[in-house]
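Geometric and topological summary
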Amino acid sequence: MSRTALRICPLCEATCGLTLTIEGTRVTGARGDRDDVFSEGFICPKGASFGAVDGDPDRLRTPLVRKDGELREATWQEAFDAVAAGIRPAVERYGANSVGVVLGNPNVHTMAGALYPPVLLAGLGTRSLFTASTVDQMPKHVSSGLLYGDALAIPVPDLDHTDHLLLIGANPLESNGSLCTAPDFPGKLKALKARGGTLTVIDPRRTRTAKLADRHLAIRPGTDALLLAAMTYVLFEEELVDLGGLTPHVQGVEELRDAVRHFTPEAVTAACDIDADVIRALARELAAAPTAAVYARIGSCTVSHGTLASWLVDVLNILTGNLDRPGGALFPQSATDKTPRPAGPGRGFQLARWHSRVSEHPEAKGELPLSALAEEIDTATPEGEPIRALIAIAANPVLSAPDGDRLDKALDSLDFMVSVDPYLNETSRHAHVVLPPPPPSQSAHYDFAFNTFAVRNQVRYTRAAVPLEPGRMSESEILARLTLAATGMHGADPAAVDALVVQQTLGKAVKEPHSPVHGRDPEELAEQLTGENGPERRLDMMLRLGPYGDGFGVRPDGLTLEKVLAHPHGIDLGPLRPRLPQPLKTPSGKIELLPQPIADDLPRLTRALDERPDGLVLIGRRHLRSNNSWMHNVPALTGGTNRCTLHIHPADAERLGVRDGAPVRLKGAGGEVTAPAEVTDGVRQGVVSLPHGWGHNRPGTRLGHASTDPGVNVNQLLDGSLLDPLSGNAVLNGVPVEISPVTEAVTEAVSEAVTEKLTPLT
Ligand SMILES: Nc1nc2c(c(=O)[nH]1)N[C@H]1C(S)=C(S)[C@@H](COP(=O)(O)OP(=O)(O)OC[C@H]3O[C@@H](n4cnc5c(=O)[nH]c(N)nc54)[C@H](O)[C@@H]3O)O[C@H]1N2
Ligand SMILES: Nc1nc2c(c(=O)[nH]1)N[C@H]1C(S)=C(S)[C@@H](COP(=O)(O)OP(=O)(O)OC[C@H]3O[C@@H](n4cnc5c(=O)[nH]c(N)nc54)[C@H](O)[C@@H]3O)O[C@H]1N2
Ligand code: SF4
Ligand SMILES: [Mo]
């Protein structure tokens, strides 16, 4: 007998509602939930493979604890005992900063990842925090922090209503979108065109997204900030600046005009390899469109001017009056956002409040660069202790961060490491304890993070589709117990963690004059919370305190957990709406258009006007059926075009003697890798592309399928020294590499060496 259950898909940022078919406790099918208020039935091949991802036989079922050098199955009790015994001595002997915490991408795809790491970090008090954000969107946080006073205030393009979308360094037809949560992003781009709108794509590759565009410009990697600065220049020069309703909320327009005066289209054209006339046209089109949105992602962030590019994206939206207006780029208002405070000056955003120990990188948003993790472990300095113990939650930095080989060795040298991860992979193989979360079908789901970047305000919650398998522990309980074990409260009731958060949150809310619960008794409020467990009670609390909440009875029609549960396909909360000046938290209470740290970084951009790469530069790419490093173990999602090949333009291939399908050696500052060439004019000349998340050939992992076609780790080409200085974000795109075909002589030498090795055996 099969049944169905609803589950929000956690496999990418689009958050589609799925209808799962379940036989016994196994997910045997998945289709798009047509009644989902947000995704309306959309599904992609990854979502359709939910059952295979969920039921991967290589997923760990029990904790592993290292004994006599080997990871062995253990009980949860043994595992948490080992965590407490591993972390506490480091804290006590070497101080809080000697415990590192690494948070990977799937934390934004689980409820537990949103609810517990903040408590863990507060309890540990460590400054050694590294996350996937510094190999991803940290530049956007920094630019938002500086412009709006809030690193999380990220405007989202109003995809459903815009007339003109300028899309930079993003490929939503493969990625399904990022920092712009939109189920069926491809359909939304097609709808834009169908209603007479225009799409411009800036990408060194002719991607599937670029193929949809009215205009595609294959920019030279790493030069988007120059292009956008020149567009800004044109808006001023041609008097196209029109802030519209934003005027009272913006300061610094004249200072900005002066700051971009060097960046004429003629000055940037050679660096970007885009005609000056085209740059002018881009600016004019943006200004002329009834509504328009500039949207940029990975290709604009993971470059050496990532923060400047991210800032200029918003600058263009602001100068054309498109920020905070329908059809432009707006600030979503999610159901679990904090109670909106009245508009007015805030504390602003600070950078560089502390620095990393070895290379003295400034912190950003409380984080140190993931690129610096290896050196923070393997390098002693007089300033302080290296990291001795590491807590990795949903993170695979050996593949996702620069110089995996160095990190590999560094992780091996730790006194203690715990990984919360469903797989024994390139990173978790170093752990002394591995705590495996259950598969997604056995977990409840709410998108705390992605609803704050959604193109439509809505609220959806799905409970676990399948009960927890015997012997399993929910990821929430795992992280609550981990928090207790790491902070000196090992063995306490994990429910205490949720109770503490509830007590603190309500205690604070009742003191805030603008809160709907101002002046009430926090204990009485806590008693009103519903939900089957701690995470649900916390969700209920956040919904009720939030902008659409019932305010614990103040607005009886408002949201509660019960109300959301009564709407299993979600509740639509309407299109994005103008919200300014409420989101602003800058000291001036205005949008600070030319923040000092940005102004201080502009001379570096001026110098880039004259920089040209000597040889080839490397960029990445994503494939629809892949997801970072952890989905290559699912046969249904691998093979075909989803392979770790080097895209190279025919002209470059010919010049270098590279043949299609033949192995090519790539050399970068951090090392060498060899990958098969795929000669294609889909990538511009002077640029080669290799996807990330591959290199599944290290010993001691349990990735049966992935290891049959391991690919190579592109990040081995990086040495971790290239960063965007303001955000600490790794430069992953536009990296110089040397390329040479693996010659027949070398191939022969290799096969001879192999034969020699084999000879004694035969
Ligand atoms: N060269 C290059 N490098 C890149 C990028 C690039 O474009 N180019 N992209 C970067 C980006 S954008 C990102 S976000 C990072 C990602 O970097 P990471 O977050 O380090 O890598 P992921 O592959 O997303 O996987 C993280 C881990 O989470 C585990 N996991 C999966 N599901 C769950 C779960 O439900 N719970 C728990 N606890 N663990 C789970 C997986 O097994 C895996 O070990 O990579 C970055 N690296
Ligand atoms: N299928 C799939 N979906 C995913 C993921 C995945 O791995 N696979 N990862 C998820 C994650 S963690 C994230 S952060 C998002 C990322 O979502 P996107 O940002 O859409 O990611 P990409 O598909 O890597 O697109 C980046 C594009 O930038 C281009 N590019 C590279 N360098 C430059 C440059 O200097 N300038 C410009 N203008 N373009 C450049 C690349 O050619 C590429 O097409 O995707 C998420 N969704
Ligand atoms: S687009 Fe993303 S959220 Fe939607 S089904 Fe595919 S992987 Fe899941
Ligand atoms: Mo990401």
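Residues numbered from 1 in each chain as written. Chains lettered and ligands numbered in written order. Predicted model: local features only at pLDDT ≥ 70, side-chain atom pairs only at ≥ 80, totals over all residues. Heavy atoms only, no water.

A full pass over the atoms with the stated rule returns four aromatic pairs. Seen in terms of ring centroids, Tyr148 and Phe331 are 5.1 Å apart; in terms of plane orientation they differ by 90°. Their pairing is edge-to-face. Placement of Tyr148 in helix α6 (residues 138-148) and of Phe331 in the loop between β14 (329-330) and α16 (373-378) is noted, with a sequence separation of 183 residues between them. In this structure, Tyr148 and Phe331 share a single accessibility class: buried. Taking 6.1 Å as the distance between ring centres and 35° as the angle between the ring planes, the aromatic pair formed by Phe185 and Tyr295 counts as tilted. Taken as a pair, Phe185 in helix α8 (residues 185-194) and Tyr295 in strand β13 (residues 293-296) lie far apart in primary sequence, 110 residues in all. Note on Phe185: relative accessible area 0%, which makes it buried. Taking the relative accessible area as the measure of exposure, Tyr295 reaches 5% and is therefore buried. One Lys or Arg, Arg388, reaches over the ring of Tyr94 and ends 4.0 Å from the middle of that ring. (Phe/Tyr/Trp six-rings, centres within 6.5 Å; stacked < 30°, edge-to-face > 60°. Helix = DSSP H or I, 4+ residues; strand = E, 2+ residues; numbered from the N terminus. Buried < 20%, exposed > 50% of the residue type's maximum accessible area, 1.4 Å probe, protein only. Lys NZ or Arg CZ within 6 Å of the ring centre and 35° of its normal.)

Counting residues in each nonpolar core, the largest one holds 68 residues, and the members touching the most others are Met231, Ile318, Ile591 and Leu593. Discounting chain neighbours no more than four positions away, the residues touching Ile318 are Leu147, Tyr148, Asp242, Leu243, Leu246, Val250, Leu323, Ile591 and Leu593. If you look at the next biggest cluster of nonpolar residues, it comprises 54 residues, including Val83, Leu103, Ala335 and Leu435. (Core = buried A, V, L, I, M, F, W, Y, C linked by side-chain atoms within 4.5 Å. Contact = heavy atoms within 4.5 Å.)

Taken in spatial order, the four strands make up an open sheet running β11-β10-β9-β13, and their pairing is parallel. Edge positions in the open sheet fall to β11 (215-217) and β13, since each of these has one partner strand only. Strand after strand, the sheet turns through a mean of 15° between neighbouring axes, direction not considered. Relative to β11, strand β10 (residues 198-202) runs parallel, the two sharing three bridges. Bridge pairing in β11 places Val201 opposite His216. Sheet strands touched by α8: β9 (164-168), β10 and β13. Its angle to β9, the strand with the most contacts, is close to 135°. (Pairing = 2+ DSSP bridges. Axes fitted to C-alpha atoms, helices over the stretch in contact; angles between N-to-C directions.)

Looking now at the side chain of His445. Tracing the sequence through the fold places His445 in the loop between β17 (433-435) and β18 (456-459). Take His445: its relative accessible area is 1%, and that puts it in the buried class. For His445, the side chain forms a polar contact with the side chain of Asp447, separated by 3.0 Å. Filtering out sequence-adjacent residues up to four positions away, His445 remains in contact with Arg7, Ile8, Pro10, His109, Thr110, Met111, Arg460, Tyr461 and Thr462. (Polar contact = N/O pair within 3.5 Å; in protein donor to acceptor, adjacent residues only side chain to side chain.)

Take helix α19 (residues 475-486) next. For α19, spanning twelve residues, the distance from its first C-alpha to its last is 16 Å, which sits close to the expected 16 Å at 1.5 Å a residue. Across the twelve residues that make up α19, a large majority, ten, are buried. Buried within α19 are the following residues: Glu475, Ser476, Ile478, Leu479, Ala480, Leu482, Thr483, Leu484, Ala485 and Ala486. In the segment just after α19, Gly488 is the residue with positive phi, at about 85°. (Expected span 1.5 Å × (residues − 1).)

This part is about the pattern of salt bridges. Summed over all chains, the structure comprises 37 salt bridges. Across the pair Glu385 and Arg388 runs a salt bridge whose closest N-O atoms are separated by 2.5 Å. The exposure class of Glu385 is partly exposed, given its relative accessible area of 35%. In this structure, Asp572 engages Arg456 in a salt bridge whose closest nitrogen and oxygen atoms are separated by 2.8 Å. Of this pair, Asp572 sits in strand β19 (residues 571-575) while Arg456 sits in strand β18; the two residues are 116 residues apart in sequence, bridging distant segments of the chain. For Asp572, a relative accessible area of 34% puts it in the partly exposed group. (Salt bridge = Lys/Arg side-chain N within 4 Å of Asp/Glu carboxyl O.)

Here we come to the domain arrangement of the protein chain. In terms of domain boundaries, the protein chain breaks down into domain 1 (2-54), domain 2 (138-337 + 588-605), domain 3 (493-569) and domain 4 (612-761). A straight line from the C-alpha centre of domain 3 to that of domain 4 covers 49 Å. (Domains from an automatic or database assignment.)

Closest axis-to-axis distance for the helix α15 (residues 306-319)/helix α24 (residues 596-608) pair is 10 Å, and the angle between their directions is 115°. As far as their axial angle goes, α24 and α15 are roughly perpendicular. Pair α15 / α24 crosses with left-handed handedness. When α15 is examined against α24, the residues Thr307, Leu308 and Trp311 are found in contact with a partner set consisting of Ile598, Asp601, Leu602 and Leu605. Of the residues assigned to the contact of α15 with α24, the class counts are five nonpolar, one polar and one charged. (Parallel < 35°, antiparallel > 145°, perpendicular 65-115°, else oblique. Left-handed = near helix turned anticlockwise from the far one by under 90°. Nonpolar A, V, L, I, M, F, W, Y, C, P; charged D, E, K, R; others polar.)

Contacts to ligand 1 come from 28 residues, most closely from Asn105, Ser400, Asp421, Asn425 and Ser629. Contact between ligand 1 and Ala394: an oxygen atom at 3.5 Å from a main-chain N or O atom of the residue. Here ligand 1 has 910 Å² of accessible area as a free molecule, and 95% of this is covered by the chains. When its residues are assigned to classes, the shell around ligand 1 shows 14 nonpolar, ten polar and four charged. (Near = heavy atom within 4 Å. Areas by Shrake-Rupley, 256 points an atom, 1.4 Å probe, with all protein chains shown as cover.)

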